Amino acid sequence: MPIPTPLSHEDIYNRCDPASFPFTSTAELDGSLTVSGQERAQEAIRFGIGMKHKGFNIFALGPAGTGKQTTLEDYLTKTAPDEPVPGDWCYVYNFDDMRRPLAISMPAGKACGLRDAMEQLLEGLLTVIPGAFSSEEYQEQEKNMKEEFAERQASEIEKLEKKAAEKNIALIRTPSGFAFAPVKKGEVVNAEEFMRLKPEEKETIEKEIGQLKESMQSIMVQIPKWQRETREKLKELNHQVAAFAVHPLFSELKNTYGSHEAITGYLDNVEKDVVEHFGHFLEKEQDKPQIPFLPQQGKDAGERRFNRYRVNVVIDNSKTGGAPVIYEDKPSIQNLLGDIEHLAQMGTLVTDFTLIKTGALHRANGGYLILNARRLMLEPLAYEALKKAIRTRQIRIESLAQLYGMASTVSLDPEPIPLDTKIVLLGERRLYYLLSAHDPDFNELFKVAADFDDEMERNHDAHLSYAGFISSIIRQEKLKHMDNHAVARIIEYGSRLSGDSDKLSTHIRSITDLVSESDYYARENGHDPITGQDVGQAIEARRHRAGRVPEKIEEAILQNTILIDTESEKVGQINGLSVYTLGSQSFGKPSRITTRIRMGKGEVVDIEREVDMGGPLHSKGVMILSGFLGGRFGGDQPLSLSATLVFEQSYGGVDGDSASSAELYALLSAISGKPVKQCFAVTGSVNQHGDIQAIGGVNEKIEGFFDLCLKRGLTGKQGVLIPAANTRNLMLRDDVREAVRENRFFIYPISHVDEGIEILTGIPAGQKLQDGSYPEHSINGLAVRTLRSMAKKQKKQKENQDNNNENT
Amino acid sequence: MMTTSSGNIAIKRITVAIDCSPHSRASLAAAAEIAGRLHAELLGIFIEDINLIRMAELPFTQEIQVHTARCEPFDLEKAERMLKQQSREASRLLRESAERFAIPHSFRTLRGTVPSLLLSAALDTDLLAIGRWGKTPSCKRGLGSAAQKAVRESKTSVLVTHAGFSLQSPVVVLFDGSAGAKKALETALGLVREKTFLHVFLLGKNASEQTIIRKEAEQLLGRKTENAEFHAVPWTKDPMLRQCIRMTSPGLLIVSENTEALKRETLYRLVDTVDCPVLLVRSTA
């Protein structure tokens, strides 16, 4: 099998040519925000926004920073202004049930007008009603009625008094009532004189007094009835006066809102209530008793007296152009559905419909509400409340404290407002899949998934799109413009970020950060516009800032605390490569992998797994090695060896199968007895046929080994064996590329294990001959010889054991 | 009532009849306020009606309860007990009112016929304060029997009040330039406070007469004309005059018994029907 040639410096970096741009600076671009590479998600958004049916709400899923919100806002900014402006809503007093305020809808911009009109009406009522009731005519009528009652009462009593007087009997007021007594010359007859009267005279007086008493009693029984009649008449008069006084004010208002049935109905109720409670408009603040030692209830309390006639505008779309687009940053239940606030008054909590506060759903009604899904889940009860609102298609404001019995004050149950809002949740993929799997309502309510990709195809159009995006960031953040070299560097960084030289990352946040950081270095360097050097400095500085851990590891290797050989040749020992991710940064690090063999039953023991430090993928990779060895060498004879594999000086556990090819090379070295050149490091997984398969983090791995070799001094022999399939992922650093260009460092794209073993040992793997054997001095041939020798020894040992058993 | 050399009236002692009815409470409050203003002594009188006692002594007397219309026996023991209670209450009311204005006071309980005892008790005082209605059964129409008698027969000036009296509210004086009217105006000057508004009703037959009496009034008022308003009132009959008085919403009407422009009966009818407190000034005092 021919050995693959090392990759050239051009193969390991997909350069972006600044000259390919039709501009020299981003200042020449229009700065319009375009997010590319998200066609699938954009199509889903278009579909979701367009679908007006129930449940077609959108969940935009994708890693943070991939431009979900930007894409949505960009789309909605273009489409929402062309949609109809939703109406206004206001809450008013419910005269039939004060606990259930009524919601009234009206065309956009009308609610504030109604509110102001009601305030003016109130002012008018406060003038008109007292005026009507203080008029001379009314006072006269009222007095007449009261006097009529007094007259009637007095007249009846006077009549009785006269009747009594004719019989020489007087009506006398006692401390608690009335009594009759005989009189003579204006004075009551005393007891002695009375006793001197003839019995028949006494009897006559007593009889007459008895009759008078009955008459008096019947008058007194009538008095409450007369009082009631007077009260009724007075009430009727008051109603007539109040109705006459207020009607012109209401009539004018009703004419204004004549076409709106709900408002005219409400105004009818207000008019009726004002006439009914005209007395409130006659009360003066100073007439009310003040409680000593307490602050004056004063203006606020007085103002609140007439709240029932006020209008609480909860949605005012007078300044809204098109459908509203609301992003609620803190989606708590109160912020979503609104709340009913309370006022502390005299030690108790009171509320009314003017204290109803709206939430994001109200503001977004008739438009779009964008929420962060993770934050929504973190807010207690908010997700359930949102689902209920979507399901029932109405916004019902409930006081949380009331709902859970935390407050026992009287609260309100406002009339729900119909909900017509497209809800858009932004979240990570894992959250979407979790909700989809475990919440039965979720799939019903969020039927559209806008899946944001974290990478896009890299081509000329994508380059221009990236440049446009960079230009928009620069304008938004008011940064220095970039020249075409800087843009090219950022595109190359985007490619590196995606882990593929033919792709670009769509992680907008990372790119935005890099542009801002480059601006910083350009300012430090006195460059304008930002140059490619500034971008390179920003990338390097970012690496340096995150470089404490990799530098410590490298230091340990250089001090031989961690043993990594980069010069000699060793049997059964190889340099593997692994990737570590700390925060937002990843770095590669070489690890020594060793293997020892002995006679056994053909198993490969993964020491990492034995001590529970190996992950399942790693164990799988090791088991594949057994399959490969069995397939290649176990066809004619049993594999009479046992091998142990270990990641030396690994204390944190190992997972992934990217080291399986390195482990196989170490095994082949151990079995064949041929040493592996330690100037190489290896990455790549292997299958049972010996094919080398792609792995992740190839750039970091190569750079990790390169850094170590560079520190020790490049010998011109060192290099890395990578899966050939990973060649397209290469976007290596400048210094690596430079070393490759100068043939001081080599990167071999390996397709099969036989290619790799030849590079590593300098001995061909050896192709199987027609008789099934391998060339004697090839790796395979040497391995077969070792295995055969082991098998013989094992067989002989077994025979000896059997003989011993027979003898005994 | 006397007039001092400086022209100020001198009310030194005020008799107030207290029967614990709402109007007598108002009259007590008015008397106390005037006494406080003029540093006068307050003499409270509670009269145990002899007719009530006699009635209670009769063997068959029954009381018809106001609020239930039921008949209950009414004997002497009950009458005495109730009168004592009322007397104590009257004494307490007087004490409280007097203490509020820091004025000297005394209290007497008398037994006899109410109107005549009242007039005789007020003889050696300068002013008799009495509620418009007392406990007359046919109440709430005009003056009560005691008030009527006081207005017509008392030798001293009489203050007839009901709730609403205040020396801070506007005061109306009927002025025709007669000696009695001048005394009424002087009385008003002595009673009103600095900022109290004074309405002087000029009862002249024609414009020239009104001009003359206005000048006389202005002379009497001196610097206090700032807070005074003069109204030419050509009517001297009760309904029109009453209507004019009512339009100013006064807190007190001051009128002399000897106002020449008013007939005596017209004056009594006016006092009887006007719906504000009235101070009837008598020149004989």
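Throughout this document, residue positions are counted from 1 along each chain, in the order its sequence is written. Labels follow written order: the first chain is A, the first ligand is 1, and so on. The model is predicted, so local features are restricted to residues of pLDDT at least 70 and side-chain atom pairs to those at 80 or more, both for listing and for counting; the totals for chains, interfaces and linings are taken over all residues. Excluded from the side-chain calculations are hydrogens and water; all other atoms, namely the structure's heavy atoms, are used.

Student: So what exactly am I meant to see when it comes to the overall build of chain B here?
Tutor: Counting its secondary structure elements, chain B contains 9 helices and 14 strands. The 285 residues of chain B split such that 55% are buried. Nonlocal contacts in chain B, meaning residues at least 24 apart in sequence, comprise 75% of its contacts between residues at least 6 apart. Here chain B has roughly 12300 Å² of accessible surface; of this, 50% comes from carbon and sulfur atoms. Strands are runs of DSSP state E lasting at least 2 residues, helices are runs of H or I lasting at least 4, and numbering of each runs from the N terminus. Buried residues are those whose accessible area, probed at 1.4 Å on protein chains only, stays under 20% of the maximum for their type, while exposed residues exceed 50% and partly exposed ones sit between those limits. Contacts between residues were defined by any pair of non-hydrogen atoms, one from each residue, lying within 4.5 Å. Methods summary: accessible areas were calculated by the Shrake-Rupley approach with a probe of 1.4 Å, and residue burial reflects only the protein chains presented.

Student: When you look at unusual backbone geometry in this model, what are you seeing that I'm missing?
Tutor: Glycine aside, the phi torsion of most residues is negative, and most peptide linkages are trans. Residues and elements named next belong to chain A. Along the chain, Asp 528 connects to Pro 529 via a cis peptide bond; the corresponding omega equals 5°. Looking at the secondary structure, you find Pro 529 in the loop between α18 (508-525) and α19 (532-545). Phi is positive for Lys 478, close to 55°, though the residue is something other than glycine. If you trace the backbone, Lys 478 turns up in the loop between α16 (460-477) and α17 (484-498). Even without glycine at this site, Gln 649 takes up a positive phi of about 55°. Secondary-structure assignment places Gln 649 in the loop between β24 (641-647) and α23 (660-672).

Student: What should I look at first to understand the packing of helix α4 (residues 114-121) of chain B against helix α5 (residues 145-153) of chain B in this one?
Tutor: Helix-helix packing is described using two parameters, namely the angle between the two axes and the distance between the axes. Residues and elements named next belong to chain B. Orientation is described by lines fitted to C-alpha atoms, with helices fitted over the stretch in contact, and by angles between N-to-C directions that extend from 0 to 180 degrees. Packing of α4 against α5 leaves a shortest axis separation of 9 Å and a crossing angle of 40°. What the angle tells us is that α4 and α5 run oblique. Considering how the two elements wind past one another, α4 and α5 form a crossing that is right-handed. Contacts between α4 and α5 pair Val 114, Pro 115, Ser 116, Leu 118 and Leu 119 from the former with Ala 146, Lys 149, Ala 150 and Glu 153 from the latter. Across the contact of α4 with α5, the residue classes tally to 6 nonpolar, 1 polar and 2 charged. Should an angle lie under 35 degrees it is considered roughly parallel, over 145 roughly antiparallel, and from 65 to 115 roughly perpendicular; all remaining angles are considered oblique. Left-handed describes a crossing whose near helix is turned anticlockwise from the far helix through less than a right angle; right-handed describes the clockwise counterpart. Under the convention adopted here, Pro, Cys and the residues Ala, Val, Leu, Ile, Met, Phe, Trp and Tyr are nonpolar, Asp, Glu, Lys and Arg are charged, and Gly plus all remaining residues are polar.

Student: What should I look at first to understand the nonpolar core in this one?
Tutor: Side chains that are nonpolar tend, in soluble globular proteins, to be buried together. Here the nonpolar core consists of buried residues drawn from Ala, Val, Leu, Ile, Met, Phe, Trp, Tyr and Cys, with membership extended through side-chain atoms lying within 4.5 Å. Counting residues in each nonpolar core, the largest one holds 83 residues, and the members touching the most others are Phe 180 of chain A together with Ile 14, Leu 42, Leu 198 and Ile 254 of chain B. Ranked by residue count, the leading element in this core is helix α6 (residues 199-256) of chain A, at 8 residues. Inspection of this core shows a minimum of three residues originating in each of domain 1 (2-56 + 83-161) and domain 2 (171-281) of chain B. When sequence neighbours within four positions are dropped, the list of residues in contact with Leu 42 of chain B reads Ile 14, Val 16, Leu 28, Ala 31, Ala 32, Ala 35, Leu 94, Ile 103, Pro 104, His 105 and Ser 106 of chain B. Domain borders in the structure are assigned automatically or taken from a domain database.

Student: Teacher, can you tell me more about the interface of chain B and chain A here?
Tutor: Interface size is commonly expressed as the accessible area that is lost once the parts come together. Taken together, the contact between chain B and chain A spans 31 residues of the former and 38 residues of the latter. By buried area we mean the combined loss of accessible area, with a 1.4 Å probe, across both parts when two parts are placed together. Together chain B and chain A conceal approximately 3200 Å² of surface at their shared face, both sides included; 61% is due to carbon and sulfur atoms. The working definition used for a salt bridge is a side-chain nitrogen of Lys or Arg within 4 Å of a carboxyl oxygen of Asp or Glu. Between chain B and chain A we count 3 salt bridges in total. Of the charged contacts, one joins Asp 275 of chain B and Lys 143 of chain A as a salt bridge, the two residues approaching to 3.5 Å between their closest N and O atoms. Within 3.5 Å is the distance limit for a polar contact, defined as a pair of N or O atoms, with the added protein rule that one can donate a hydrogen and the other accept it, and that residues adjacent in sequence qualify only through two side-chain atoms. If you look at where chain B meets chain A, you find 10 residue pairs in polar contact (both at pLDDT 80 or more).

Student: How should I be thinking about a negative patch on the surface in this particular structure?
Tutor: Residues and elements named next belong to chain A. Nonpolar side chains (Val, Leu, Ile, Met, Phe, Trp, Tyr) are joined into patches within 5 Å and like charges within 9 Å, using only residues with over 30% relative accessible area and no salt bridge. We treat Lys and Arg as the positive residues and Asp and Glu as the negative residues; His and chain ends play no part in the count. A single reference atom marks each charge: NZ on Lys, CZ on Arg, CG on Asp, CD on Glu. Where like charges cluster on the molecular surface, the negative patch consists of Glu 200, Glu 201, Glu 203 and Glu 206. Along the polypeptide, Glu 201 turns up in helix α6. Classification of Glu 201 by relative accessible area gives partly exposed; the value is 36%.

Student: When you look at the pattern of salt bridges in this model, what are you seeing that I'm missing?
Tutor: Where charged atoms of side chains with opposite charge meet at close range, the side chains can pair. All names here are of chain A. Enumeration according to the criterion identifies 64 salt bridges over all chains in this entry. A salt bridge links Asp 413 to Arg 100; the nearest nitrogen and oxygen atoms lie 3.6 Å apart. One end of the pair, Asp 413, is in the loop between α13 (400-403) and β15 (417-418); the other, Arg 100, is in the loop between β2 (88-92) and β3 (102-106), with 313 residues separating them in the sequence. Taking relative accessible area as the criterion, Arg 100 reaches 38% and is therefore assigned partly exposed. Where Lys 480 meets Asp 528, a salt bridge forms, and the shortest distance between an N and an O atom there is 3.9 Å. Taken together, the residues span a long stretch of sequence, with Lys 480 in the loop between α16 and α17 and Asp 528 in the loop between α18 and α19 at a distance of 48 residues. Each of Arg 496, Glu 540, Arg 543, Glu 700, Glu 703, Asp 707, Arg 733 and Asp 735 takes part in one network of salt bridges that share partners.

Student: What exactly am I supposed to notice about helix α26 (residues 753-761) of chain A here?
Tutor: Because each turn of an α-helix spans 3.6 residues, side chains separated by three or four positions in sequence point in the same direction. Counting buried residues in α26 of chain A gives 9 out of 9 residues, a clear majority hidden from the surface. Residue Gly 762 of chain A follows α26 of chain A closely and has a positive phi angle near 80°.

Student: Got a minute to help me understand the packing of aromatic side chains in this structure?
Tutor: All names here are of chain A. Aromatic rings from Phe, Tyr and Trp, with only the six-membered ring used for Trp, were paired whenever their centres fell within 6.5 Å, and each pair was classed as stacked if the ring planes differed by under 30 degrees, edge-to-face if by over 60, and tilted otherwise. Scanning the model with the defined rule gives 22 aromatic pairs over all chains in all. Between Tyr 580 and Phe 587, the aromatic rings sit 5.7 Å apart at their centres with planes inclined by 15°, giving stacked as the arrangement. Taking relative accessible area as the criterion, Phe 587 reaches 11% and is therefore assigned buried. Consider the rings of Phe 680 and Tyr 748, whose centres lie 5.8 Å apart with planes at 70°: the pair is edge-to-face. With a gap of 68 residues between them, Phe 680 in strand β26 (residues 680-682) and Tyr 748 in strand β30 (residues 746-750) connect regions that are remote in the sequence. Overall, the relative accessible area of 4% leaves Phe 680 in the buried class. Put simply, the rings of Tyr 93, Phe 95, Tyr 266, Phe 281, Phe 306, Tyr 309 and Phe 353 pair up and form one aromatic cluster. Taking NZ or CZ as reference, Arg 737 lies 3.6 Å from the ring centre of Tyr 13, over its face. For a lysine, the NZ atom is tested; for an arginine, the CZ atom; a charge sits over a ring if that atom is within 6 Å of the ring centre and within 35 degrees of the ring normal.

Student: How do you make sense of the pairing of strand β3 (residues 13-17) of chain B when you look at a structure like this?
Tutor: As a general feature of sheets, a regular strand has side chains that alternate between the two faces. Residue and element names in this part refer to chain B. Burial analysis of β3 places 4 of its 5 residues in the buried class, the great majority of the element. Two strands form a pair only when DSSP identifies at least two bridges running between them. Relative to strand β4 (residues 41-49), β3 runs parallel, the two being bridged by 5 bridges. By the bridge assignment, Ile 14 is partnered in β4 with Leu 42. Following the backbone out of β3, through helix α1 (residues 22-38) and into the adjacent parallel β4, one traces a crossover that is right-handed. Handedness of a crossover is defined as follows: with both strands directed away from the viewer, a clockwise route from the first strand across the helix to the second makes it right-handed.

Student: Where do I start with the pairing of strand β13 (residues 368-372) of chain A in this structure?
Tutor: All names here are of chain A. Counting buried positions over the 5 residues of β13 gives 5, a clear majority of the element. Neither face of β13 is left uncovered, since the one carrying Tyr 368, Ile 370 and Asn 372 and the one carrying Leu 369 and Leu 371 both have all their residues buried. Across 4 bridges, strand β8 (residues 325-328) lies against β13 in parallel orientation. Bridging across to β13, Glu 328 finds its partner in Leu 371. Note that β13 and strand β16 (residues 422-427) share 5 bridges and pair parallel. When the bridges of β16 are listed, Ile 370 appears paired with Val 424.

Student: Honestly, the confidence of the model for chain B in this entry has me stumped. Any pointers?
Tutor: When pLDDT is low, close inspection of the predicted coordinates is not appropriate. By definition, pLDDT measures how confident the predictor is in each residue, and it falls between 0 and 100. For chain B, per-residue confidence averages 85 on the pLDDT scale, and 93% of positions sit at 70 or higher. Confidence metrics for the complex model read pTM 0.67 and ipTM 0.79.

Student: Sorry, what's going on with the sheet that holds β8 of chain A here?
Tutor: Pairing between sheet strands relies on hydrogen bonds along the backbone, with the strands arranged either parallel or antiparallel. Residues and elements named next belong to chain A. Taken together, the 5 strands give an open sheet; going across it, the order is β8-β13-β16-β1-β17, and neighbouring strands pair in parallel fashion. Each edge of the open sheet carries a strand with a single partner, namely β8 and β17 (448-451). Direction aside, neighbouring strands of the sheet carry axes that sit 20° apart on average. As defined by bridge partners, strand β1 (residues 58-61) adjoins β17 across 4 bridges and the pair is classed as parallel. Paired with Ile 58 across the strands is Val 448, a residue of β17. Strand contacts of helix α1 (residues 39-50): β1, β13, β16 and β17, with the helix running at about 155° to β17, the strand carrying the most contacts. This element, helix α2 (residues 68-79), spans β1, β8, β13 and β16 of the sheet and lies at about 155° to β16.

Student: It is not clear to me how the sheet that holds β2 of chain A should be interpreted in this structure. Could you clarify?
Tutor: Residue and element names in this part refer to chain A. The strand order across the open sheet built from 3 strands is β3-β2-β7, with neighbouring strands paired in antiparallel fashion. Where the open sheet ends on each side, the last strands, each with one partner, are β3 and β7 (311-315). Looking at each pair of strands side by side, their axes are set apart by 30° on average, direction ignored. Contacts from helix α3 (residues 111-133) reach β2, β3 and β7, with the element oriented near 165° to β7.

Student: Looking at this structure, I do not really get the side chain of Ser 591 of chain A. What am I missing?
Tutor: Residue and element names in this part refer to chain A. Note on placement: Ser 591 falls in strand β22 (residues 585-599). Of the residues examined, Ser 591 reaches a relative accessible area of 5% and is grouped as buried. Among the polar contacts listed, one links the side chain of Ser 591 to the side chain of Lys 589, at a separation of 3.4 Å. When neighbours within four sequence positions are excluded, Ser 591 is seen to be in contact with Ile 564, Ile 574, Asn 575, Gly 576, Ser 578 and Phe 647.

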